[in-house]
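# Report on the structure
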Amino acid sequence: MNFRKYFSIFFVLLLTASYSNGARILAAFVFPGKSHTMMYNAIIKELLQRGHEVTLITNFPQGNLLSNYKEVQIPVYDFFKDIKEHFGAKSHFDLTKLTMTGFMKMLDIIGEKATEHALQQPNVQEIFNRTDTNDVYDLLLVSQFYQEAFLTLGLKYNVPIVTSSTLGYENFMSHMMGIIQPWSFVPHGFLPYDDRMDFVERVTNSIASLYEDLHREYIYLPKHDALVKKYLSHLPIKFPKMSEMERNVSLILLNSHAPITTPRPTITGMVPVGGLHIYPPKPLPADIKKFLDDATDGAIYFSLGTNIKSADMPPEKMKLFLEVFSTMKQRILWKFEADKVPKLPKNVMVQKWMPQNDILAHPNVKVFITHGGLFGSQEGVYHGVPMLGMPFFCDQYLNLKKATKAGYAISLSFPDITKEGLNHSLTELLENPFYRENMKRISEIFRDRPMNARDTAMYWIEYIIRHKGAPHIRSAGLDLSWYQFYLLDVMAFGVLVVSSIIGVVYILIRSLVRRKKIKVKKN
Ligand SMILES: *[C@@H]1O[C@H](CO)[C@@H](O)[C@H](O)[C@H]1NC(C)=O
Ligand SMILES: *[C@@H]1O[C@H](CO)[C@@H](O)[C@H](O)[C@H]1NC(C)=O
Ligand SMILES: *[C@@H]1O[C@H](CO)[C@@H](O)[C@H](O)[C@H]1NC(C)=O
């Protein structure tokens, strides 16, 4: 009896011990965009809280987290330097002038440079140089954003790979995951379209998506092959081409979710976890709290995100905003990266940093003026605050197109903004219940899920670890050649069969007709 009791206690202890040990995860997030931290920090923190060990390669130190956390810090790479050098942009405000292909080229350049910068760091090289790689990690977690060379760590440590995509769904992912996302109704993320495109839009969308696919395959990914050759050729591993390695990613976590992403074909290994950076609101700093509590006519929150600095705004635009704000009875809370703003109206408060999520959760905040970035848009939707959008680059046009079409935002072109346009749009958003009601409905749909975003991400990461990369969810389409994948061989066969039948019938008829003619002649 006693023996049994001790045995069962021992067994329970053994179980809990092996569970609480958790998995060992190597995470590489070397792209130096500050906004990207919003997504991966949420994932890393949650993994740590669940008892997993995480080693994170990052530009941005997390401070003292738990004892199961190790950090490999790399100096922040200043990518704006490259933008200045290659595109002559003085601030992010100049990026509205870039074409879509120009923007892709820019991402190529900063992605390649930032990846190389990371590969040059001694503490990163140590991870690559390590020789005892057997059973060190259980999973590689990497960013799905312009740092492909780091997929090599998966082969180095012989572990499955999960990536996380800050921009959410992107059309090139069909190639990685072995599916088809028709360009007839799946818009490219950098175009201002939604899923209902007219003929010209479908032509543009197809050209853009095809251009990106070819560009990745023949220009962009070979740059990462070259980086691997330059920095990792001393390793006793023969790394396949990058385009082959990225087809070995087990799962992509996507910063997307219905209804703020258009419906599209997908596969088990693509998991939408949009909004996982949103936490229950924390108490506001006293000055902001008072400012908002006392805003009896409502308040407007204004932020252009982490990249675009309001302080860099051209002076004439700045004047325009302040003039319109000064005539309003609402209070305006503006994320503005300077200590003082001259001639600041009494109803406007500026601060360099603002707890955005907690502010948007305040019931007096009625309108959110935003650049339409994905994280901010999700927070606005989550808290049900109608938006005034001014898109600048990247997916901001698409996000705001979706928002205006769904009736919870008004979008203005920043370069062409006028006093009347701004005043009219703000008044509409504040006074016309149309926007508030649509936003309320969209917000309810966004929150309605079987499991919240962070739990979903954890479930799938742990699933991939438990099932050693889960090869059973991988599309067999990845192992077909392109003409087999698109059924071109089958279609060619079909054309051959049909044309053979037509040919045979033609010959038969011709010979019948001839015989008849001969008969007629004979008669
Ligand atoms: C890694 O190994 C390579 C080749 O032996 C060497 O050049 C490099 O200095 C090593 N890096 C570190 C940090 O040990
Ligand atoms: C794919 O990943 C598995 C481990 O999950 C590894 O054994 C295999 O070599 C990888 N193949 C390529 C082409 O990266
Ligand atoms: C904005 O519109 C309101 C009326 O809707 C008007 O009272 C106010 O003067 C206008 N402000 C500007 C700057 O045009």
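Every value quoted in this text rests on a predicted model; they were computed, and no experiment measured them. (Residues numbered from 1 in each chain as written. Chains lettered and ligands numbered in written order. Predicted model: local features only at pLDDT ≥ 70, side-chain atom pairs only at ≥ 80, totals over all residues. Heavy atoms only, no water.)

### Re the overall build of the protein chain
For the protein chain, the helix and strand inventory stands at 19 helices and 13 strands. Principal-axis analysis of the C-alpha atoms places the extent of the protein chain at approximately 110 × 80 × 55 Å. Per-residue burial over the protein chain gives 53% buried out of 523 residues. Surface summary for the protein chain: the accessible area is close to 26100 Å², and the carbon and sulfur share equals 60%. (Helix = DSSP H or I, 4+ residues; strand = E, 2+ residues; numbered from the N terminus. Buried < 20%, exposed > 50% of the residue type's maximum accessible area, 1.4 Å probe, protein only. Areas by Shrake-Rupley, 256 points an atom, 1.4 Å probe, with all protein chains shown as cover.)

### Some remarks on the packing of helix α4 (residues 100–119) against helix α8 (residues 199–232)
In contact at an axis separation of 11 Å, α4 and α8 are set at 15° when each is read in the N-to-C sense. In terms of their interaxial angle, α4 and α8 are classed as roughly parallel. The two elements α4 and α8 cross, and the hand of that crossing is right-handed. For the pair formed by α4 and α8, the contact residues are Met100, Thr101, Met104, Asp108, Gly111, Glu112, Thr115, Glu116 and Leu119 on the first element and Ala208, Tyr211, Glu212, His215, Tyr220, Lys223, His224, Leu227, Lys230 and Tyr231 on the second. (Axes fitted to C-alpha atoms, helices over the stretch in contact; angles between N-to-C directions. Parallel < 35°, antiparallel > 145°, perpendicular 65-115°, else oblique. Left-handed = near helix turned anticlockwise from the far one by under 90°. Contact = heavy atoms within 4.5 Å.)

### Quick notes on the pairing of strand β8 (residues 299–302)
Residue alternation in β8 divides its side chains into two sets, Ala299 and Tyr301 and Ile300 and Phe302, and both sets are buried. Bridge count for β8 against strand β9 (residues 331–335) is 4 bridges, and the pairing is parallel. In the sheet register, tyrosine 301 faces β9, and the bridge partner there is leucine 333. Between β8 and its parallel partner β9, the chain crosses via helix α11 (residues 315–326), and the hand of that crossover is right-handed. Bridge analysis of β8 against strand β11 (residues 365–370) gives 4 bridges, and the strand direction is parallel. By the bridge assignment, isoleucine 300 is partnered in β11 with valine 367. (Pairing = 2+ DSSP bridges. Right-handed = clockwise from strand over helix to strand, strands pointing away.)

### Describing the site of ligand 2
The environment of ligand 2 is formed by Leu155, Asn158, Pro240, Met245 and Asn248. Interatomic distance of 2.3 Å between a side-chain N/O atom of asparagine 248 and an oxygen atom of ligand 2. Across the complex, the protein chains shield 57% of the 360 Å² of accessible surface that ligand 2 would expose by itself. A per-class count over the shell around ligand 2 returns 3 nonpolar, 2 polar and no charged. (Near = heavy atom within 4 Å. Polar contact = N/O pair within 3.5 Å; in protein donor to acceptor, adjacent residues only side chain to side chain. Nonpolar A, V, L, I, M, F, W, Y, C, P; charged D, E, K, R; others polar.)

### Some words on the sheet that holds β8
With parallel pairing, 6 strands are arranged side by side in an open sheet as β10-β9-β8-β11-β12-β13. Of all strands in the sheet, those bounded by a partner on one side alone are β10 (348–351) and β13 (409–411). With direction set aside, neighbouring strand axes in the sheet form an average angle of 15°. Along the sheet face, helix α14 (residues 396–405) touches β12 (387–389) and β13 and points at about 130° away from the line of β13.

### A look at unusual backbone geometry
Omega for the peptide link from alanine 258 to proline 259 comes to 0°, which places this bond in the cis form. Of note in this structure, tyrosine 146 is not a glycine but carries a positive phi near 50°. Following the sequence through the fold, tyrosine 146 ends up in the loop between β4 (139–143) and α6 (152–156). The class of tyrosine 146 is buried, set by a relative accessible area of 10%.

### A few points about the packing of aromatic side chains
Following the criterion strictly, the structure yields 26 aromatic pairs and no others. Summarising the aromatic geometry, the rings of tyrosine 137 and tyrosine 157 are spaced 5.0 Å apart at their centres and angled 75° between planes, so their arrangement reads as edge-to-face. Residue tyrosine 137 is found in the loop between α5 (122–129) and β4, and its partner tyrosine 157 is found in the loop between α6 and β5 (161–165); the two are separated by 20 residues along the sequence. Residue class for tyrosine 137 comes out buried when judged on its relative accessible area of 12%. The class for tyrosine 157 is buried, based on a relative accessible area of 4%. Three or more aromatic residues link up through ring pairs in this structure, and these residues are Phe31, Phe79, Phe145, Tyr146 and Tyr220. Above the face of the phenylalanine 414 ring, lysine 317 is positioned so that its terminal group lies 5.3 Å from the ring centre. Its end group placed over the ring of phenylalanine 291, arginine 331 keeps NZ or CZ at 5.0 Å from the ring centre. (Phe/Tyr/Trp six-rings, centres within 6.5 Å; stacked < 30°, edge-to-face > 60°. Lys NZ or Arg CZ within 6 Å of the ring centre and 35° of its normal.)

### So, a nonpolar patch on the surface
There is a patch of nonpolar side chains on the surface, built from Ile180, Trp482, Tyr483, Tyr486, Leu487, Leu488, Val490 and Met491 and spanning about 810 Å² of accessible area. Broken down by secondary-structure element, the contributors of at least two residues to the nonpolar patch are α18 (482–485) and α19 (488–522). Counting residues per element, the nonpolar patch draws most heavily on α19, which supplies 3 residues. Among the residues examined, valine 490 registers a relative accessible area of 45% and is labelled partly exposed. (Patch = residues over 30% accessible without salt bridge, like charges linked within 9 Å, V, L, I, M, F, W, Y side chains within 5 Å. Salt bridge = Lys/Arg side-chain N within 4 Å of Asp/Glu carboxyl O.)

### A look at the site of ligand 3
Every residue lining ligand 3 is accounted for by Val324, Thr327 and Asn423. A distance of 3.2 Å separates a nitrogen atom of ligand 3 from a polar atom in the side chain of threonine 327. Take asparagine 423: an N or O atom from its side chain is 2.3 Å from an oxygen atom of ligand 3. Notes on ligand 3: free accessible area 360 Å², of which the protein chains cover 44%.

### Topic: the domain arrangement of the protein chain
Here the protein chain is partitioned into domain 1 (23–276 + 452–479), domain 2 (286–447) and domain 3 (487–522). Relative to domain 2, the C-alpha centre of domain 1 lies at a distance of 30 Å. At the interface, 33 residues of domain 1 touch 30 residues of domain 2. Approximately 2600 Å² of surface area, both sides summed, lies buried where domain 1 meets domain 2, with 71% of it carried by carbon and sulfur atoms. For domain 1, the biggest contributors to the area lost against domain 2 are Phe93, Pro259 and Ile260; these three give 28% of the whole. Scanning the region where domain 1 abuts domain 2 turns up 1 salt bridge. Aspartate 194 serves as the salt-bridge partner of lysine 405, at 3.0 Å between the closest nitrogen and oxygen. Where domain 1 packs against domain 2, one counts 5 residue pairs in polar contact (both at pLDDT 80 or more). (Domains from an automatic or database assignment. Buried area = accessible area lost by both parts, 1.4 Å probe.)

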